[in-house]
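# Descriptive structure summary
If you want the building blocks of each chain, they are given just below.
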Amino acid sequence: MSQSPKINLVNAVAILTKSGLPGADWVINPYNGCLFGCMYCYAAQIARWKHPDEKWGTYLDVKINASEVLKKDLERLAKKEGTRDFGEIFFSSVTDPYVGLEAKYKITRQCLETLRDFGYEGNISIQTKSPLVIRDIDILKQLKKVIVGFTITALDDEVSQFLEVNAPTISSRLIALEKLHKAGINTYVFVGPLLPHVIKNKDSLAKLLDKLESVGVKEVWFEHINLSTKIKNRLYEYLEKKNSKLIEKFEIANTQEYRDELDKIITEVMKDRKLRLGLGQVIHHKKLKRRQ
Ligand code: SF4
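Let me sum up the structure you'll find in this document. In this text the structure is predicted, and so the values were computed from the model without any measurement. (Residues numbered from 1 in each chain as written. Predicted model: local features only at pLDDT ≥ 70, side-chain atom pairs only at ≥ 80, totals over all residues. Heavy atoms only, no water.)

### With respect to the overall build of the protein
A tally of helices and strands in the protein yields 11 helices and 11 strands. C-alpha atoms of the protein, sized along the principal axes, occupy 55 × 45 × 35 Å. Of all 292 residues assigned to the protein, the portion counted as buried reaches 54%. Contacts in the protein between residues far apart in sequence, at least 24 positions, make up 77% of those at least 6 positions apart. Summed over its atoms, the accessible surface of the protein is roughly 14,200 Å², and 50% of this surface lies on carbon and sulfur atoms. Considering the protein, the positive charge centre built from 47 side chains and the negative charge centre built from 37 side chains are found 1 Å apart. (Helix = DSSP H or I, 4+ residues; strand = E, 2+ residues; numbered from the N terminus. Buried < 20%, exposed > 50% of the residue type's maximum accessible area, 1.4 Å probe, protein only. Contact = heavy atoms within 4.5 Å. Areas by Shrake-Rupley, 256 points an atom, 1.4 Å probe, with all protein chains shown as cover. Lys, Arg positive; Asp, Glu negative; His and termini not counted. Charge placed at Lys NZ, Arg CZ, Asp CG, Glu CD.)

Encoded structure:
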């Protein structure tokens with residue numbers, strides 16, 4: 001990153017918020033903003049209402065009171081619902097819970113401690129691109145139901161860092177997955193978005209899944225690329241500068257025919273494996289028009 005990120009220490013009003021994401025009931029965002037700066041990030045649009053004039057990847061709001069607010073949120077809900085299981089809690093929807101500064105601020109760690117101390121009985125799901133999560137294996141082991149997912153969109157570090165500009169390398173994520181597996185923590189991999197220049201055919205997908213199985217992954221989620229106008233504008237502006245030939249591939253990926261074909265490839269390649277398919281289907285954000 002060329003410019004130093006702007007770090008703001010803020011107080012959150014609520015931490016446990018209702019989720020609109022498939023498979024998750026609640027979401028915890030210990031930060032607002034994300035310094036990994038992925039070029040396909042959908043959160044870049046959602047989270048920036050507080051920072052309309054700042055570039056995604058250059059700012060981070062650190063919710064310094066997150067664990068105290070979470071404790072109150074949990075107690076209030078437990079009273080209302082009469083249970084300590086309100087459904088699946090997901091870390092995180094508009095940030096990475098293990099963005100680099102988590103090493104310093106430990107906001108995610110404190111939230112996990114709060115969930116442990118509260119005795120949360122529902123599922124807790126953590127999705128990250130950072131091996132920093134292994135720092136918290138001690139707490140993860142003390143949670144009743146937890147699963148840790150890594151986003152992996154390519155196997156090659158260079159290919160991955162082309163779009164996941166400041167995120168940790170794929171090789172470091174694979175090592176972390178293996179460590180979690182060896183520590184007895186359930187893991188999954190989120191292959192999303194499915195990138196058209198990476199997952200091109202059955203062979204490239206099979207190679208990716210072989211690698212994931214070799215590090216102990218038992219569950220895999222797939223998501224078609226979301227090329228809503230705002231995501232597309234930001235991504236294409238970047239591709240225009242770095243590798244304009246890829247734009248055509250993304251345009252093709254944004255058609256129903258491409259999705260149908262990719263769904264078939266995924267079904268075929270998953271068929272004889274022991275891997276579970278997250279949600280039982282490939283995630284897509286909206287139906288696309290067919291080509292005329
Ligand atoms: S790690 Fe996730 S939240 Fe952060 S920039 Fe990348 S896609 Fe967005």
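Following the structure, the description resumes.
### Some details on the pattern of salt bridges
Taken as a whole and judged by the stated rule, the model has 15 salt bridges. Here Asp136 ties to Arg109 by a salt bridge, and the two come within 2.7 Å at their closest N and O atoms. Of the two residues, Asp136 is situated in the loop between strand S7 (123-128) and helix H5 (137-140) and Arg109 in helix H4 (residues 107-118); the sequence distance between them amounts to 27 residues. Assessed through its relative accessible area of 0%, Asp136 is described here as buried. (Salt bridge = Lys/Arg side-chain N within 4 Å of Asp/Glu carboxyl O.)

### A short note on the site of the ligand
With respect to spatial proximity, the complete set of residues near the ligand consists of Cys34, Phe36, Gly37, Cys38, Cys41, Trp56, Thr95, Asp96 and Lys129. Judged by its atoms lying within 2 Å of the grid points, the ligand is housed in the largest pocket. Across the shell around the ligand, the residue classes break down as 5 nonpolar, 2 polar and 2 charged. (Near = heavy atom within 4 Å. 1 Å grid on protein atoms, 1.4 Å probe; cavity = no way out; pocket = protein on both sides within 12 Å on 5 of 7 lines; lining within 4 Å. Sits in = over half its atoms within 2 Å of the grid points. Nonpolar A, V, L, I, M, F, W, Y, C, P; charged D, E, K, R; others polar.)

### Some details on the environment of Met39
Its location among the elements puts Met39 in the loop between strand S4 (31-32) and helix H1 (43-46). Taking the C-alpha atoms as reference points, Met39 and Gly57, 18 residues apart in sequence, are found 9.5 Å from one another. Sequence-distant contacts of Met39, defined by excluding residues within four places in its chain, comprise Leu163, Val165, Arg234, Leu235 and Tyr238.

### Details of the pairing of strand S10 (residues 219-222)
Going residue by residue along S10, you find Glu219 and Trp221 tucked away on one face and Val220 and Phe222 tucked away on the opposite face as well. Summarising the sheet, strand S9 (residues 186-191) and S10 pair through 4 bridges and their orientation is parallel. Its bridge partner lying in S10, Val191 is registered against Phe222. Taking the sense of rotation as the criterion, the β-α-β connection linking S9, helix H8 (residues 202-214) and S10 turns out right-handed. (Pairing = 2+ DSSP bridges. Right-handed = clockwise from strand over helix to strand, strands pointing away.)

### Section: the packing of aromatic side chains
Across all of its chains, the model carries 5 aromatic pairs by this definition. On the basis of an interplanar angle of 55° and a centroid distance of 5.4 Å, the ring pair of Phe86 and Tyr120 is categorised as tilted. Remark: Tyr120 occurs in the loop between H4 and S7 and Phe86 occurs in the loop between helix H2 (66-81) and strand S6 (89-91); sequence separation between them is 34 residues. For the pair shown, Phe86 and Tyr120 are each scored as buried. (Phe/Tyr/Trp six-rings, centres within 6.5 Å; stacked < 30°, edge-to-face > 60°.)

### Some remarks on the sheet that holds S10
An order of S2-S3-S6-S7-S8-S9-S10-S11 is seen for the 8 strands of this open sheet, with the pairing classed as mixed. The open sheet terminates on both sides in strands that have one partner only, identified here as strand S2 (16-18) and strand S11 (276-277). Strand direction decides the pairing type here: S2 and strand S3 (residues 26-28), joined by 3 bridges, are antiparallel. When the bridges of S3 are listed, Leu16 appears paired with Ile28.

### What about the packing of H8 against helix H11 (residues 256-270)?
Two numbers describe how H8 lies on H11: the axes approach to 10 Å, and their chain directions differ by 45°. On the basis of their axis angle, the class for H8 and H11 is oblique. The two elements H8 and H11 cross, and the hand of that crossing is right-handed. Residues Lys202, Leu205, Ala206 and Leu209 of H8 touch H11, and the partners they reach there are Ile265, Ile266, Glu268, Val269 and Met270. Residue composition of the contact of H8 with H11, grouped by class: 7 nonpolar, no polar and 2 charged. (Axes fitted to C-alpha atoms, helices over the stretch in contact; angles between N-to-C directions. Parallel < 35°, antiparallel > 145°, perpendicular 65-115°, else oblique. Left-handed = near helix turned anticlockwise from the far one by under 90°.)

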